[in-house]
Protein chains: 2
Amino acid sequence: MYTIGQVSEMFDLPISTLRYYDKEGLFPELERKSGIRRFSDRELEALRLIECLKKSGLEIKDIKQFMIWAAEGPSSYSDRKALIEARKAVIEAELAKLKKALDMLKFKCWYYDTAIRDGNEDRLREMIPDKLPPDIQKLFDNAHA
Amino acid sequence: MYTIGQVSEMFDLPISTLRYYDKEGLFPELERKSGIRRFSDRELEALRLIECLKKSGLEIKDIKQFMIWAAEGPSSYSDRKALIEARKAVIEAELAKLKKALDMLKFKCWYYDTAIRDGNEDRLREMIPDKLPPDIQKLFDNAHA
DNA sequence: CCTTGACATAAAGTCAGGTTTAGGTATTAC
DNA sequence: GTAATACCTAAACCTGACTTTATGTCAAGG
């Protein structure tokens, strides 16, 4: 069992954030001893999942729904699975977008390297959009797809 | 040359957002014809980069600084390159975090598949944390690292 | 005893990034 | 000529996710 201060340290989250999550209903089974929160391994695992669901763009109120389902037991397995599956798809899509953004930034890095070497963008303007070196062309095409 | 409505369609962005970006100084060289904005290829490429920089978590006011540099010409190449390089590093870090979150969700998918098949979590509780099937163990370990 | 530190609450405040509203202009379609 | 569209501005408004503030409780150490 852990105090809010210990959990705050473990997860590198402000205490105020943990209290906010609790107030929003993200720990429906959280125990208290004379008013003081006592976080168990169940809450730590919940917190790990909360961070992943947040990364998937899920809102707090929808994370709360998940945690309520979890407190309800086996009857909600399929609801929980459906939600996780949906957020997995969102993250996969987000990963693809992020890779595209990364290719744009890699292209721009090469672009400015070249511009710095040349002192201007004249040569670059002649190579864009389809006369770039093969590896750079791939970055450019993906970033502009 | 494109009107704001055409750009809105091309990028699937609300007109209000494009006007907001303009008001925030993201298109310092945007032309107007009797008050009406005329977006050129320069602004379209800026917009593509804006979307990538936003994905990297860069704030509007810092994107504005970049666009001001771009309008200043070759003297700012190295400033621009440094900013792009820094945001590339941020995206690479974000990609790693997102993959970790994805592994957590993949693990939870398997978890609920199993719980649904078993009707309870008894067997799962015995396998966690280190007696999982090898491929699942990898997901679990990465998600809990 | 009294101060320090960790815990607690409710309610107000903050912030970025838009969005909406209210009111106006300019061109084209009938 | 007037109605529909597409454009314009300034300023108010909104939202989610915290964070801060003001106030209070409680246990341990000197």
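First things first, this report covers the structure right here in the doc. (Residues numbered from 1 in each chain as written. Chains lettered and ligands numbered in written order. Predicted model: local features only at pLDDT ≥ 70, side-chain atom pairs only at ≥ 80, totals over all residues. Heavy atoms only, no water.)

**Some points on the relation of the copies chain A and chain B**
Rotating chain A by 180° and translating it 0.0 Å along the rotation axis places it on chain B, where the RMSD comes to 0.2 Å. Put plainly, the chains are arranged around a two-fold axis. No C-alpha of chain A lies nearer the rotation axis than that of Leu95(A), which sits 3.3 Å from it. (Least-squares fit on C-alpha atoms with pLDDT ≥ 70 in both.)

**Describing the protein's contact with DNA strand C**
Around DNA strand C, the structure places 17 residues, and the nearest of them are Arg19(A), Arg32(A), Arg37(A), Thr17(B) and Lys54(B). At the protein interface, 77% of the atoms of DNA strand C within 4 Å belong to sugar or phosphate. The separation between a phosphate oxygen of DNA strand C and a polar side-chain atom of Tyr21(B) is 3.2 Å. Among the elements of the structure, helix H1 (4-11), helix H2 (15-23) and strand E2 (36-38) of chain A together with helix H2 (15-23) of chain B are those that each provide at least two residues to the surface near DNA strand C. Here the surface near DNA strand C gets 4 residues from one element, more than from any other, and that element is H2(B). Residues of the surface near DNA strand C, tallied by class, amount to 7 nonpolar, 5 polar and 5 charged. (Near = heavy atom within 4 Å. Polar contact = N/O pair within 3.5 Å; in protein donor to acceptor, adjacent residues only side chain to side chain. Helix = DSSP H or I, 4+ residues; strand = E, 2+ residues; numbered from the N terminus. Nonpolar A, V, L, I, M, F, W, Y, C, P; charged D, E, K, R; others polar.)

**A look at the nonpolar core**
If you look at the biggest cluster of nonpolar residues, it comprises 92 residues, and the most contacted ones within it are Leu47(A) and Leu47(B). Contact partners of Leu47(A), with chain neighbours within four places excluded, come to Val7(A), Phe11(A), Leu13(A), Leu18(A), Tyr21(A) and Phe27(A). (Core = buried A, V, L, I, M, F, W, Y, C linked by side-chain atoms within 4.5 Å. Buried < 20%, exposed > 50% of the residue type's maximum accessible area, 1.4 Å probe, protein only. Contact = heavy atoms within 4.5 Å.)

**Structural notes on the interface of chain A and chain B**
In this complex, chain A contributes 38 residues to the contact, which on the side of chain B involves 38 residues. When residues of chain A are sorted by the area they lose upon contact with chain B, Tyr77(A), Leu105(A) and Tyr112(A) head the list and together hold 19% of the total. Along the contact surface separating chain A from chain B lie 6 salt bridges. The partner of Lys108(B) in a salt bridge is Glu45(A), and the shortest N-O contact between them spans 3.2 Å. With 26 residues, helix H5 (residues 77-118) of chain A is the largest single contributor of residues to the side of chain A that touches chain B. (Buried area = accessible area lost by both parts, 1.4 Å probe. Salt bridge = Lys/Arg side-chain N within 4 Å of Asp/Glu carboxyl O.)

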